[in-house]
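# Working through the structure, step by step
Letter by letter, the chains look like this.
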Amino acid sequence: MFSKTVSLLALAASALGHMELIAPCPRYSDKCATQPALPAGESIDYDLNAPIGSNGAVLQPLCKHTTAWPSVTDTWTAGQSVTIQFAAGGATHLGGDCEFSISYDGGKTFVVLHQELRYCFYTASPDSGGVDSVRSYTFDLPSNLPGTDHAVFSWSWVNASGNREFYNNCGDVAVVGSAGSYTGKSMTIANYGAGYPVIAEFLGNYDTGIEYYTTNTTDVTVSGSGYTSSGSGGSSGSSSSAAQDSTTDAAQASTTDASQATTTTDAAQDGTTTAAGLPTSSAPAISAPSSAAETSAAGGGTDLGECTSAKNGQYLCSSDGSSAVFNVCDNGTWNQGSCDSGTVCKQSGTTIYCAWAS
C-alpha cells in the first residue's frame, strides 16, 4: 500500500515542470555542461525538477539520490564567491523560500550557507510587480568554511503556491581551505513527512512559515579535514561544472569527514529539524511489502512491535548502523525497503537516514 501510494504521488509530481539545479551539477542530471561518469548501476534522472515531498508525503530521499558522483564537479574556495545556477523556464509557484547548504559527512548534516527567502526566483514580491526571471544566485562562502576534498552541496525550496511541496537537488564539490569547523543554521526541512512542519500555502502572506528559517531553528557544527587534492576541476569563483581528477581521494574524504563531523543544537523547538542532524533520507527506495513478522525486523535486529495507528508513518532501521534494510509502518503493516548500495540505515528518533558504511 505504502509503495503504491508513493509511486502514484511521484508519478503525479513528475508530470509537473518545476525548478532544478544545473550548477554545480546535481546528481544524475542531463543538463550540465560537464558531468562525471554515472556511478555504477545508476542512470540519468530526467525528473530532477520533481519534488521529493508533497503535502506531508515523502516521495524521494533527501538529495533525491544518495550515491555521490564518483568525482566532484566544482572546486570552491572558502571566503570567495560562488554562483548557483538553475535551468531556464520551469514553474516557480510564485516564489517561496530557498536555502543553499553544505554537508561534510556525506549528507547527514547540512549547514546553511545562504538563504533567498520569500521571493526565490523573483526580482521582488510578485504582489509588487516582481518578475519571475532570476535563475542564478551569487554569494560569498564563509571565510572560515573548512576545506575538504568532497562535500555535498544542497539546494532546497518550499514553494509559495500550489501543493505543499519540498524540493531538493544535491551536487558534489570540493572546498579549498584549512582543517577546522564551522557553525551555522541547520537546513530547514518542511512538507516532508512525519517529524517535519507543514508550511501552508502563502496566499500572498510571504511571512508564512518564515519562523522555520529565521527564529525557530537549530544550529549545527560541521568539520572538515582540509583540502588536499591537486589538479582539481572547477574554479574558486562561479560554478564551472568541471570534473575533478582524484576520484579515490574524493570518496575517501567523504568517509573521513563523516567521522569528524559533529553537531551542536539549540534548545529543541517545535517543528524544527532533528537534534541529531539532518537525515540523508527519511524514506529511501521502498521495496515490495515485507512478509516479516509484525514483532521483529528481518535478520533478527530491531524489535518492531505491532504497527499500530500511533506508529503510522514511523521508520525503523532493521539493524541500526550495520544494515541497509529499514521498515516503515503503513496502516497496520510493516513494509520493508533498503538504502542505496554502499550505505547503511541509521536511526534518528522516529525517522532514519542513509549514511556511508564505515
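Residues numbered from 1 in each chain as written. Predicted model: local features only at pLDDT ≥ 70, side-chain atom pairs only at ≥ 80, totals over all residues. Heavy atoms only, no water.

### Remarks on the overall build of the protein
For the record, the criterion: By the criteria applied, helices consist of DSSP H or I runs no shorter than four residues and strands consist of E runs no shorter than two, each listed in order from the N terminus. Note on contacts: a residue pair is in contact if any heavy atoms of the two residues lie within 4.5 Å. Residue burial considers only the protein chains on display, and all accessible areas are found by Shrake-Rupley using a 1.4 Å probe.
Helix and strand counts for the protein stand at three helices and 17 strands. A fraction of 71% describes how many contacts in the protein between residues 6 or more apart in sequence connect residues 24 or more apart. Only carbon and sulfur atoms are counted for the fraction: they give 50% of the accessible area of the protein, which is about 13200 Å².

### With respect to the nonpolar core
Threshold: The criterion is simple. A nonpolar core is a set of buried Ala, Val, Leu, Ile, Met, Phe, Trp, Tyr and Cys residues joined through side-chain atoms within 4.5 Å. Burial status follows relative accessibility: with a 1.4 Å probe on protein chains alone, a residue under 20% of its type maximum counts as buried, one over 50% as exposed, and anything between as partly exposed.
I84, F86, F100, I102, F121, L145 and W155 are the most contacted members of the largest nonpolar core, which has 31 residues in total. Listing elements by their share of this core, those giving two or more residues are strand 5 (81–86), strand 6 (96–103), strand 7 (110–116), strand 8 (136–140), strand 9 (148–159), strand 10 (165–176) and strand 12 (219–224). Once you skip the residues sitting within four places of it in the chain, I102 turns out to touch T109, F110, V111, L113, L145, A151, V152, V173 and V175. In this structure, V58, C170, M187 and Y315 belong to the second largest nonpolar core, which totals 28 residues.

### Examining the confidence of the model for the protein
The predicted coordinates ought not to be read in detail in places where the model reports low pLDDT. The cut-off we apply is this: Confidence of the prediction at every residue is given by pLDDT, a number between 0 and 100.
Put simply, the protein has an average pLDDT of 77, and 68% of its residues get 70 or more. Low confidence marks residues 1–16, where pLDDT is under 50. Its contacts with residues over four positions away, or in another chain, come to 22 contacts. Throughout residues 231–299 the model reports pLDDT below 50, and contacts reaching past four residues in sequence, or to other chains, amount to 209 contacts.

### Focus on unusual backbone geometry
With an omega dihedral of 0°, the bond running from A23 to P24 counts as a cis peptide bond. Here P24 lies in the loop between strand 1 (21–23) and strand 2 (53–54). A positive phi angle is found at N55, which is not glycine, with a value near 50°. Non-glycine residue L203 carries a positive phi angle of around 50°.

### So, the pattern of salt bridges
Note the threshold: Note on definitions: salt bridges are taken to be side-chain nitrogens of Lys or Arg within 4 Å of carboxyl oxygens of Asp or Glu.
According to the stated counting rule, one finds seven salt bridges in the structure shown. E99 is paired through a salt bridge with K185; the nearest N and O atoms lie 2.8 Å apart. Pair noted here: E99 is in strand 6 and K185 is in strand 11 (residues 180–185), with a separation of 86 residues, a long-range link. One salt-bridge network, in which partners are shared between bridges, spans E20, D30 and K31.

### Side note on the state of the cysteines
Working definition: the covalent bond between the sulfur atoms of two cysteines is a disulfide. Here is the rule we go by: By disulfide we mean two sulfur atoms from cysteines, separated by a distance within 2.5 Å.
Considering all chains together, one arrives at three disulfides under this definition. Note on cysteine connectivity: C63 is disulfide-linked to C170, with sulfurs 2.1 Å apart. Taking the sign of the S-S torsion, -75° for the link of C63 and C170, the bridge is left-handed. Of this pair, C63 sits in the loop between strand 3 (57–58) and strand 4 (74–77) while C170 sits in strand 10, and the two are 107 residues apart along the sequence. Comparing C63 with C170, the two get one shared label, buried.

### Concerning the sheet that holds strand 5
To summarise the sheet geometry, strands pair through backbone hydrogen bonds and adopt either a parallel or an antiparallel arrangement. The condition is simple: For two strands to pair, DSSP has to find at least two bridges joining them. Every angle, taken between N-to-C directions, lies between 0 and 180 degrees, and every axis is a line fitted to C-alpha atoms, over only the stretch in contact when it is a helix.
The antiparallel open sheet is built from three strands, whose spatial order is 1-5-8. Edge positions in the sheet fall to strand 1 and strand 8, since each has one partner strand and no second. Taken pair by pair, the neighbouring strands of this sheet meet at an average axis angle of 30°, ignoring direction. Here strand 1 pairs with strand 5 via two bridges, running antiparallel.

### With respect to the packing of aromatic side chains
Threshold: Two aromatic rings from Phe, Tyr or Trp, using only the six-membered ring of Trp, form a pair when their centres are within 6.5 Å; if the ring planes differ by under 30 degrees the pair is stacked, by over 60 it is edge-to-face, and anything between is tilted.
Tallied over the full model, the rule gives 16 aromatic pairs. Judged by centre distance (5.4 Å) and plane angle (80°), the ring pair of W76 and F153 falls under edge-to-face. Here F153 lies in strand 9 and W76 lies in strand 4, a separation of 77 residues in the sequence. On the basis of relative accessible area, W76 is assigned to the buried category, the value being 0%. When the ring of F100 is compared with that of F153, the centres are 6.5 Å apart and the planes differ by 15°; the resulting orientation is stacked. Within this pair, whereas F100 is found in strand 6, its partner F153 is found in strand 9, the two being separated by 53 residues in sequence. The class of F100 is buried, set by a relative accessible area of 0%.

### Side note on the environment of H150
Rules: Counting of polar contacts relies on pairs of N or O atoms within 3.5 Å, with two restrictions inside protein: one atom must be capable of donating a hydrogen and the other of accepting it, and residues adjacent in sequence are counted only when both atoms are side-chain atoms.
With respect to the helices and strands, H150 occurs in strand 9. Remark: the alpha-carbon pair of H150 and A68, spanning 82 residues in sequence, is separated by 9.6 Å. Among the polar contacts made by the side chain of H150, one reaches the side chain of D172 at a distance of 2.8 Å.

### Here's the deal with the pairing of strand 5
A regular strand carries its side chains on alternate faces of the sheet. The pairing of strand 5 with strand 8 spans five bridges and is antiparallel. Note that in strand 8 the partner of S81 across the bridge is D140.

### Looking at the environment of Y212
Looking at the element boundaries, Y212 is found in helix 2 (residues 211–214). The class for Y212 is buried, based on a relative accessible area of 18%. When the C-alpha positions of Y212 and T188 are compared, they lie 6.6 Å apart, and in sequence the two are 24 residues distant.

### Some thoughts on the side chain of S154
Here S154 is to be found in strand 9. Side chain to side chain, S154 and N168 meet in a polar contact 2.9 Å long.

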